[in-house]
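Observations on the three-dimensional arrangement
So you can see what is in the structure, the chains are spelled out below.
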Amino acid sequence: MEAKLFFFAIGWWLCCYHPWTNVHGEYYSSVEQMRKLLKLEESLVASLGQYIKLHEQKIEFLHRQRDLLEKELKKGLKDDIEYSSNPVSAFLMVNRLVNDWERLRAFMDMDVGAKLQNTTEMPTHEDLIGVVEGLARLQDMYELNAKEMASGKLLDRTIGRQLKTAECYEIGNKLTAAKSYRHAVSWLRESLRLWTMDSPGVSKVEVMNALSYALSHQGEYEEALELTQKVLKLQPDNQRALNSKEPLEKWIEYKKQHGLPPPVPEPYVKNYPSLCRGDDQRPAKELAKLRCRYEHNRTPFLRISPLKLQEVNHDPMIVMYYDVISNKEIDAIISISKPLMHRSMVGDDHEKTVSKTRTSSNTWLDDVTHPVVRTISQRTEDMTNLAMTAAEKLQVGNYGIGGHYLPHYDYAVAEEGKEVYPSIGKGNRIATVMYYLSDVAIGGATVFPQLGLGVFPQKGSAIFWYNLHANGTVDHRTLHGACPVFVGSKWVGNKWIHERGQEFRRSCELDPKV
């Protein structure tokens, strides 16, 4: 009965569906944005309950749908940050909101006036693609396979439930749409492995056709043709398989004669993936020289309240400060920032664009925004002994599903005859202070590939380093990146300090190593 009603609903949807206006919310670029989707789904479930009361004739089908959705929702609400940041559960949630709820809405709108009401922008197809791209990034970075992820158990912890055949198929299809064919193959293989005669939502033929297509884009024409032939044995008139057979045979012949082009090299900087996995590559002799101490002699305030300092690296000098920002201050900063967040961009003052090299959302807070922002600026001055008259506003960022920032420099390189950061007019970024405003369950490290070191977020701490040598030239060794967040919501506060006004704080030397 349920299946009949479902196909009845799909039929009406194809005939009668008229989509409502959608806004590109880019939920996937921020875990905080993804958490909003749980609240959105919660309101949709409540609205669905009211609709059922008004339309008893559809009660059987809709009750079952609501029960399934509510069961999944409760899992998410039990730990909303972990659920929203887990790439698999995040994909399923966005897929429900983009596809399943659309079909339910169309079904409920048939011959009636009542509609599902929501005040939050619905996620879009772009969000769905963004989530699977984040999932693929996590698989690459942390060497995860689809079978493990589909099982719901990773790294000795349960991160979700066992996925169904149709869910693995959906992930594989969306990875294909994102042209991430290698990962699509692994998810479609898992879908085929899980498939049984009782698997709802997708046929074996659909899975084999999709897998064949993904394999062909990986140059695996022989296996793709084998799958196509199996499809034709099951369904001799399957049009997709018939259309694929001859091109695959030609590609196999071409491959025998000419071979395949060389594989596209990985886009990651050397050491970046291994450092993200926690592999500190420095010799023990070098690590043994690093010390921890209390910083108390830089300013009068520090004599009363010294800072806990840990040396992370000596040349260039990189240090961590611990317990430098309280939970109360963090809560205030995040509360102020949430309504102001927008997609992070890359580029300089002349041109800023959205890029897949940086998947996060951020905002900028001036000292006049709130007393706690002024307090953080003063604390930054105490920590660094650099003047805040040459500092940028506090940038608050939140990373999304698999959120990352590929290795980059914080300083700028000026074109001939032009000034760096002309809108600020304070010269180059002499130093960086990054406050960690949250813990991250898995992933999210800040790594320095050329130095072979990484630092994992610890709520309330801050990392500090100089981007320029003592003579004002750029230090290429400060190349750094933010590793993908696997489980958790990563919040950071960045304070970039410029060089003008620091003449009596950090004197310029002819020797860059001084």
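Residues numbered from 1 in each chain as written. Predicted model: local features only at pLDDT ≥ 70, side-chain atom pairs only at ≥ 80, totals over all residues. Heavy atoms only, no water.

- The name that an unreviewed UniProt entry assigns to the protein is procollagen-proline 4-dioxygenase, with the source organism given as Anopheles quadriannulatus.
- The UniProt entry for the protein carries this comment under Subcellular location (unreviewed entry): "Endoplasmic reticulum lumen".
- Comment text from UniProt for the protein, heading Cofactor (unreviewed entry), reads "L-ascorbate". (UniProt positions renumbered as here; feature names shortened; annotations may be inferred.)

**A word on the nonpolar core**
- In terms of nonpolar packing, the biggest core is built from 83 residues, with Met34, Trp187 and Phe486 touching the most fellow members.
- In terms of residue count, the dominant contributor to this core is helix H5 (residues 87–109) (12 residues).
- Aside from chain neighbours lying at most four places away, what touches Trp187 is Val88, Leu135, Gln139, Ala146, Met149, Ala150, Leu163, Cys168, Ile171, Gly172 and Leu175.
- Core analysis: the second largest hydrophobic core is formed by 34 residues, Leu302, Leu309, Val319 and Ile325 among them. (Core = buried A, V, L, I, M, F, W, Y, C linked by side-chain atoms within 4.5 Å. Buried < 20%, exposed > 50% of the residue type's maximum accessible area, 1.4 Å probe, protein only. Helix = DSSP H or I, 4+ residues; strand = E, 2+ residues; numbered from the N terminus. Contact = heavy atoms within 4.5 Å.)

**What to know about the pairing of strand S16 (residues 462–466)**
- Extensive coverage of S16 is indicated by the burial of five of its five residues.
- Along S16, one buried face is formed by Ala462, Phe464 and Tyr466 and the opposite face, lined by Ile463 and Trp465, is buried too.
- Bridge count for strand S12 (residues 429–436) against S16 is five bridges, and the pairing is antiparallel. Looking at the pairing, Thr432 lines up with Trp465 of S16. (Pairing = 2+ DSSP bridges.)

**Side note on the packing of helix H8 (residues 165–177) against helix H9 (residues 181–194)**
- Where H8 contacts H9, the two axes come as close as 8 Å, and the packing angle between them is 160 degrees. On the basis of the axis angle, H8 is roughly antiparallel to H9. Where H8 crosses over H9, the two elements pack in a sense that is left-handed. When H8 is examined against H9, the residues Thr165, Cys168, Tyr169, Ile171, Gly172, Asn173, Leu175 and Thr176 are found in contact with a partner set consisting of Tyr181, His183, Ala184, Trp187, Leu188, Glu190, Ser191 and Leu194.
- Here the residues of the contact of H8 with H9 are counted per class, giving nine nonpolar, six polar and one charged. (Axes fitted to C-alpha atoms, helices over the stretch in contact; angles between N-to-C directions. Parallel < 35°, antiparallel > 145°, perpendicular 65-115°, else oblique. Left-handed = near helix turned anticlockwise from the far one by under 90°. Nonpolar A, V, L, I, M, F, W, Y, C, P; charged D, E, K, R; others polar.)

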